[in-house]
Amino acid sequence: MAAETTSVLGVFAHVDTTLQAIRDLRQRGFADLTVYSPVPVEEIEEEVERVRPLSRVRLFTLIGGVTGTATGFFLTIWSSLKWELVTGGKHPVSIPPFVIIGFELTILFGGLATLLALLVLGRLPKLRPSPTYDPRFTLDRFGVAVACPPDRAGDVQTLLAGAGAEEVRR
Amino acid sequence: MNFQGKSADASWADVNRDVIRTVGMPGNTYFAWMCLVGLTLAAGLAAWPWQIYVGMGAAGKRTPQMWAMYITTFVFWIGIGHAGTLISAVLYLFRAKWRTSIYRGAEAMTIFAVMTAGLFPLIHAGRMWFAYWLMPYPNQRYLWPNFKSPLVWDVFAISTYLTISLVFFVIGLVPDIAALRDSATGVKRRIYAVLALGWEGSDSQWRHYRRAYGLFAALATPLVLSVHSVVSFDFAMALVPGWHSTLFAPFFVDGAIFSGFAMVLILILPMRYLFDWYTYITDKHLDAMAKLILVTSLVLTYFYACEVFTAWYSGDHFERASVFAKATKQYAWAYWLMYFCNSVVPLIFFWKRARTHVGILYVASILVLIGMWFERFNIIVPGLAHDFYPYTWGTYVPTLTDSAIIVGSFAWFFLLFLGFIRVMPSLSIVEVKEVLAHPLKHPRKHDAHGGGH
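Before going into details, it helps to say that this report is about the structure given with it. (Residues numbered from 1 in each chain as written. Chains lettered and ligands numbered in written order. Predicted model: local features only at pLDDT ≥ 70, side-chain atom pairs only at ≥ 80, totals over all residues. Heavy atoms only, no water.)

## Comments concerning the interface of chain B and chain A
Right, on to step 1. Contacts between the two partners involve 60 residues from chain B, matched on the other side by 67 residues from chain A.
Right, on to step 2. Across the chain B to chain A interface the summed buried area is about 5600 Å²; carbon plus sulfur atoms make up 68%.
Right, on to step 3. For the pair chain B and chain A, the number of links is three salt bridges.
Right, on to step 4. In this assembly, chain B and chain A are joined by 22 residue pairs in polar contact (both at pLDDT 80 or more).
Right, on to step 5. The set of elements that each furnish at least two residues to the side of chain B that touches chain A consists of helix H1 (12-20), helix H5 (150-183), helix H7 (203-236) and helix H14 (429-435) of chain B.
Right, on to step 6. Here the side of chain B that touches chain A is built from residues that sort into 32 nonpolar, 16 polar and 12 charged. (Contact = heavy atoms within 4.5 Å. Buried area = accessible area lost by both parts, 1.4 Å probe. Salt bridge = Lys/Arg side-chain N within 4 Å of Asp/Glu carboxyl O. Polar contact = N/O pair within 3.5 Å; in protein donor to acceptor, adjacent residues only side chain to side chain. Helix = DSSP H or I, 4+ residues; strand = E, 2+ residues; numbered from the N terminus. Nonpolar A, V, L, I, M, F, W, Y, C, P; charged D, E, K, R; others polar.)

Shown next, in the form of structure tokens:
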């Protein structure tokens, strides 16, 4: 990352113009894009995700879930062995009732791990707003922010305007 | 196919405007309702120390009726919560688009219902400052953590349910709070800015968000089915006639969804009127909910028939006697009231007009809630009133103390809900926008494609 980069932001009112801008920019070799949208739009997502690995949230969920199952069975079996009380003529370690604890903890740990994933991977909470953010992006406007060397900013501005941006700013 | 009906006309900016205007300083009517709810809650809050001072006898608890109205109401509130998770998770996985305009209200209902339900085991425990003994951590207190007890399963199920529903709910709120932040000014803006966690709707945020949301829905779906099954095990694992049945898990889950949808209607209909959300909550939504109430009612009626049939077919003397006592003895009025409210009243929804008629929907929903409260009452109170031998038979009579606490619990629920709708968006801004037609400069042929998913 060179210190010498600048950001150009294009504000769009439509899904198709936003898509066009992303495609044009990619074609011209601008890879460092940030796309803002008020709602997740599948077409934009597909276009952006094309060059990215799959989100790793599910890995967190899996690890959390497996940890939960293990904890559930460990807690129940271990404490039953500490209190070796026979009830109803059954062995202190009776698996069927422990499945319930195992299941609940699978969901609990899996859910909390998913939350953790969202915070870690999505970098939340975000303490200060990005310089390219505009409050209209939670209303009805899309934004494409491009990080590029200052000498190419002019190109980017023309490109964004050409794709149909309502407003282009540096 | 467009499930939003009229709202296809609304633009994205309209959605922001229509939701954001509901947040803020309310009028006098609102405060009047708050006062009423607050006073009712105060009565419940006054009754509770009295019960601690006098003892559980003040709440009418004496053998064999140790569970009575507290556990009845506990199961009732847990059941109410289920519709919220069903709408937010199950219908999300099924991509049912009509869920978008009701899911926020329903999810808030879930959280507050579970928070209300959670009070009852504590109140019922009497000395609630020992409530932490319920948590079976490996302990130095020489308490036996009995993982074979349904009551311990309950602790795990309910606390997991509350945690996961809360996380799911908050995650859904974040992008909407960001929209509130961007339209607010001054102190409000600062508060919403903190709560929005710096959400900007950038692609890197959305991609993880969407994946996490789907996974939450996938986790919450089996959870919601398990929670009421576990609650039903509190009964089904016991040997009491009328309780000891494998039917209980699906029976409870179905009843929970049934009563939950009735509560959703009770909350959504006034909101639609007061906030003027006719564009978003259309007749189609009411129709869909009424149909779900009808289906769950029919399934419930089938379970009622099964219950009676198995009692007869088992040839078990005590089972038969229990059913006979429920239908004919001191609690017969509650038994037949339950049948009327849960099996007869919802039949009106076979009539198309009734499914969208606000008055009919409202009255039917209230009757359904009464019916479902009495269903749990009928399991617990008459069940314990007439078990194996006459020596243990006994009638329960409510007292002022436990009645005040029960009524107070409704006030507590409504206090939370009324508070919520004035500070948070009670209609999901993002999800409603998602199902509207996306803005296109060059509209394609299949124009009203209804968006993302």
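## Here's the deal with helix H4 (residues 103-124) of chain B
Right, on to step 1. Between the first and last C-alpha of H4(B) there are 32 Å, a value that for 22 residues agrees with the 32 Å anticipated at 1.5 Å per step.
Right, on to step 2. The element H4(B) is largely enclosed, with a buried count of 17 among its 22 residues. (Expected span 1.5 Å × (residues − 1). Buried < 20%, exposed > 50% of the residue type's maximum accessible area, 1.4 Å probe, protein only.)

## Observations concerning the packing of aromatic side chains
Right, on to step 1. One pass over the structure, following the stated rule, counts 54 aromatic pairs over all chains.
Right, on to step 2. Aromatic side chains Phe98(A) and Phe147(B) sit 6.4 Å apart centroid to centroid with 85° between the ring planes, which places their arrangement in the edge-to-face category. Of this pair, Phe98(A) sits in helix H4 (residues 95-121) while Phe147(B) is found in the loop between H4 and H5, placing the two residues in two different chains.
Right, on to step 3. Between Phe374(B) and Phe377(B), the ring centres sit 5.6 Å apart and the planes meet at 75°, which makes this aromatic pair edge-to-face. Taken together, the positions of Phe374(B) and Phe377(B), both in helix H12 (residues 358-385) and three residues apart, correspond to about one turn of that helix.
Right, on to step 4. Counting every residue linked through ring pairs, the aromatic cluster contains Trp67(B), Phe235(B), Trp243(B), Phe248(B), Phe251(B), Phe252(B), Tyr302(B), Phe303(B), Tyr304(B), Tyr335(B), Trp336(B) and Tyr339(B).
Right, on to step 5. Stacked on the ring of Tyr70(B), the Lys or Arg Lys61(B) has its end atom at 4.0 Å from the ring centre.
Right, on to step 6. The ring of Tyr103(B) has Arg99(B) lying over it, and the distance from NZ or CZ to the ring centre is 4.6 Å. (Phe/Tyr/Trp six-rings, centres within 6.5 Å; stacked < 30°, edge-to-face > 60°. Lys NZ or Arg CZ within 6 Å of the ring centre and 35° of its normal.)

## Details of helix H1 (residues 15-27) of chain A
Residue and element names in this part refer to chain A.
Right, on to step 1. Compared with the 18 Å implied by 1.5 Å per residue over 13 residues, the 18 Å span of H1 between its first and last C-alpha is a close match.
Right, on to step 2. Burial analysis of H1 places 10 of its 13 residues in the buried class, the great majority of the element.
Right, on to step 3. Among all positions of H1, only Val 15, Asp 16, Thr 17, Thr 18, Leu 19, Ala 21, Ile 22, Asp 24, Leu 25 and Arg 26 are buried.
Right, on to step 4. Taken together, the buried residues of H1 touch strand S1 (6-12), strand S2 (33-36), helix H2 (42-49), strand S3 (142-148) and helix H5 (153-163).
Right, on to step 5. Immediately downstream of H1, the backbone of Gly 29 shows phi near 90°, a positive value.

## Focus on the layout of surface pockets
Residue and element names in this part refer to chain B.
Right, on to step 1. When its volume is computed, the largest pocket comes out at roughly 960 Å³.
Right, on to step 2. In this structure, the largest pocket is lined by 34 residues; those nearest its centre are Pro 121, Ala 131, Leu 134, Leu 151 and Val 155.
Right, on to step 3. Of all the elements in the fold, those that place two or more residues in the lining of the largest pocket are helix H3 (68-93), H4 and H5.
Right, on to step 4. The element contributing the most residues to the lining of the largest pocket is H5, with seven residues.
Right, on to step 5. Class assignment of the residues belonging to the lining of the largest pocket gives a composition of 24 nonpolar, six polar and four charged.
Right, on to step 6. Around the second largest pocket sit 22 residues that line it, and Trp 33, Val 37, Pro 270, Phe 414 and Leu 418 are the ones nearest its centre.
Right, on to step 7. Every element with two or more residues in the lining of the second largest pocket is listed here: helix H2 (28-54), helix H8 (248-274) and helix H13 (400-423).
Right, on to step 8. Ranked by residue count, the leading element in the lining of the second largest pocket is H13, at eight residues.
Right, on to step 9. Tallied by class, the residues present in the lining of the second largest pocket amount to 18 nonpolar, three polar and one charged. (1 Å grid on protein atoms, 1.4 Å probe; cavity = no way out; pocket = protein on both sides within 12 Å on 5 of 7 lines; lining within 4 Å. Points joined across faces, edges and corners; volume = space filled by probe spheres on them.)

## Details of the packing of helix H9 (residues 283-313) of chain B against H12(B)
Residues and elements named next belong to chain B.
Right, on to step 1. Where H9 contacts H12, the axes come no closer than 12 Å and their chain directions differ by 30°. Overall, the two elements H9 and H12 adopt an arrangement that is roughly parallel. When you trace H9 past H12, the crossing you get is left-handed. Residue-level inspection shows Leu 286, Ala 290, Leu 300 and Tyr 304 of H9 in contact with H12, the latter providing Leu 361, Met 372 and Glu 375.
Right, on to step 2. The class makeup of the residues in the contact of H9 with H12 is six nonpolar, no polar and one charged. (Axes fitted to C-alpha atoms, helices over the stretch in contact; angles between N-to-C directions. Parallel < 35°, antiparallel > 145°, perpendicular 65-115°, else oblique. Left-handed = near helix turned anticlockwise from the far one by under 90°.)

## As for the packing of H8(B) against H12(B)
Residues and elements named next belong to chain B.
Right, on to step 1. Packing of H8 against H12 leaves a shortest axis separation of 9 Å and a crossing angle of 145°. The two elements H8 and H12 meet at a crossing, and its hand is left-handed.
Right, on to step 2. Here the residues of the contact of H8 with H12 sort into 19 nonpolar, three polar and three charged.

## With respect to empty space enclosed by the protein
The gaps left among the atoms become clear once a water-sized probe is rolled over them.
All names here are of chain B.
Right, on to step 1. The final tally for this structure, using the stated rule, is eight cavities of 30 Å³ or more.
Right, on to step 2. Looking at the largest cavity, its volume works out to about 120 Å³.
Right, on to step 3. Along the wall of the largest cavity there are 15 residues; nearest its centre are Tyr 209, Tyr 213, Val 430, Glu 431 and Glu 434.
Right, on to step 4. Going through the elements one at a time, H4, H5, H7 and H14 are the ones with two or more residues in the lining of the largest cavity.
Right, on to step 5. At four residues, H7 tops the list of elements feeding residues into the lining of the largest cavity.

## Observations concerning the environment of Ala311(B)
Residues and elements named next belong to chain B.
Right, on to step 1. Mapped onto the secondary structure, Ala 311 falls in helix H9.
Right, on to step 2. When the C-alpha positions of Ala 311 and Phe 261 are compared, they lie 30 Å apart, and in sequence the two are 50 residues distant.
Right, on to step 3. Not counting the four nearest positions on each side in its chain, Ala 311 is found in contact with Asp 316, Glu 319, Arg 320 and Val 323.

## A short note on the environment of Phe252(B)
All names here are of chain B.
Right, on to step 1. With respect to the element layout, Phe 252 can be found in helix H8.
Right, on to step 2. Put simply, Phe 252 and Ser 229 are 23 residues apart on the chain and 6.6 Å apart in space, counted from C-alpha to C-alpha.
Right, on to step 3. Ignoring anything within four residues of it in the chain, the contact list for Phe 252 reads Val 75, His 228, Val 231, Ser 232, Phe 235 and Ile 379.

## Let's talk about the sheet that holds S2(A)
Residue and element names in this part refer to chain A.
Right, on to step 1. Spatially, four strands are ordered S2-S3-S1-S4 in an open sheet, and the strand pairing comes out antiparallel. At either end of the open sheet lies a strand with only one pairing partner, and these are S2 and strand S4 (167-169). When the angles between neighbouring strand axes are averaged without regard to direction, this sheet yields 15°.
Right, on to step 2. Bridge count between S1 and S3: seven bridges; the pairing is antiparallel. Residue pairing for S3: Val 8 is matched across the bridge by Val 146. (Pairing = 2+ DSSP bridges.)

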